[in-house]
Amino acid sequence: MVTVTRSGSQFAIKTPDYAVVCCDSDDKVISWDVQAERLFGWEYNEALGQQLFNLILPDKAEMRGAAKLSKLFYQYRKETSVTLKIEDNALHRNGQTFPIELILSPLPGGDFFTIFIRNIKAVQEQTKAEAGYLFKMELESTILKISMEPTLLKDRLTAILSY
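A brief structural summary.

Rules behind the numbers
- Residues numbered from 1 in each chain as written.
- Predicted model: local features only at pLDDT ≥ 70, side-chain atom pairs only at ≥ 80, totals over all residues.
- Heavy atoms only, no water.
- Helix = DSSP H or I, 4+ residues; strand = E, 2+ residues; numbered from the N terminus.
- Contact = heavy atoms within 4.5 Å.
- Salt bridge = Lys/Arg side-chain N within 4 Å of Asp/Glu carboxyl O.
- Buried < 20%, exposed > 50% of the residue type's maximum accessible area, 1.4 Å probe, protein only.
- Phe/Tyr/Trp six-rings, centres within 6.5 Å; stacked < 30°, edge-to-face > 60°.
- Pairing = 2+ DSSP bridges.

**Concerning the environment of Trp42**
Phase 1 of the analysis: With respect to the secondary-structure elements, Trp42 resides in the loop between α1 (34-40) and α2 (44-47).
Phase 2 of the analysis: The sequence separation of Trp42 and Ile56 amounts to 14 residues, and the corresponding C-alpha distance is 9.4 Å.
Phase 3 of the analysis: Once residues lying within four places of it in the same chain are set aside, the contact partners of Trp42 are Trp32, Glu37, Ala47, Leu55 and Arg93.

Now the structure itself:
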């Protein structure tokens, strides 16, 4: 679910998985939401005006990654129908690196981009936890059904033993 709220002259887009960042044509951050603060450890006032890719990519990848992304960013900034999806490693303020997915989408006019960013590792862990929960629920449901219907247990055991 996406929620859009307005506070003064700023808009905040709240998504459960994605940080939403807006940049100008020079890759400088002009909007940095709460999810971005949590994801990268930089507060709004610290991120504002910084070059996005230099801020969120590891130093060792800065020359390669930031240059590559900045080039793509500049190349497609006038294309309103192009959306880029990129996976890379990001850097938290505390020095930890983690895999991210970036979805870059130009805004009408071509001078600004919206970038949706999510932590891929967190999404994978959440999906794995949900799958484990669903398996547990299915197992409990099956045990409950079998305990309430002894003939079902007998049929299942017969099927297993005859296999």
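**A word on the pattern of salt bridges**
Close approach of charged atoms allows side chains with opposite charge to pair.
Phase 1 of the analysis: This structure, assessed with the given rule, holds two salt bridges.
Phase 2 of the analysis: The salt bridge partner of Glu46 is Arg93, with a shortest N-O separation of 2.8 Å. Separated by 47 residues along the polypeptide, Glu46 in helix α2 and Arg93 in the loop between β5 (84-91) and β6 (97-106) bring together distant segments of the chain.
Phase 3 of the analysis: The class for Glu46 is partly exposed, based on a relative accessible area of 30%.
Phase 4 of the analysis: Between Glu101 and Arg118 there is a salt bridge, and its shortest N-O distance comes to 3.0 Å. Of this pair, Glu101 sits in strand β6 while Arg118 is found in strand β7 (residues 112-119), placing the two residues 17 residues apart along the sequence.
Phase 5 of the analysis: The class for Glu101 is buried, based on a relative accessible area of 4%.

**Notes on the packing of aromatic side chains**
Phase 1 of the analysis: Taken as a whole, this structure holds three aromatic pairs when the rule is applied.
Phase 2 of the analysis: Centre to centre, the rings of Tyr18 and Phe116 are 6.3 Å apart; their planes meet at 90 degrees, and the pair counts as edge-to-face. One end of the pair, Tyr18, is in the loop between β2 (10-14) and β3 (19-24); the other, Phe116, is in strand β7, and 98 residues separate them in sequence.
Phase 3 of the analysis: Since its relative accessible area comes to 25%, Phe116 is described here as partly exposed.
Phase 4 of the analysis: With a centroid separation of 5.8 Å and an interplanar angle of 40 degrees, the aromatic rings of Trp32 and Phe40 are classed as tilted.
Phase 5 of the analysis: The class for Trp32 is buried, based on a relative accessible area of 4%.
Phase 6 of the analysis: Relative accessible area serves as the criterion here: at 0%, Phe40 is assigned to the buried category.
Phase 7 of the analysis: In textbook terms, an aromatic cluster arises when at least three aromatic residues are bridged by ring pairs, as seen for Trp32, Phe40 and Phe98.

**Some words on the pairing of β7**
Phase 1 of the analysis: Among the eight residues in β7, six count as buried, and that is most of the element.
Phase 2 of the analysis: With six bridges connecting them, β3 and β7 associate as antiparallel partners. By the bridge assignment, Val20 is partnered in β7 with Phe116.
Phase 3 of the analysis: In this structure, β6 lies alongside β7, joined through seven bridges in antiparallel fashion. Counterpart to Ser105 in the pairing with β7 is Thr114.

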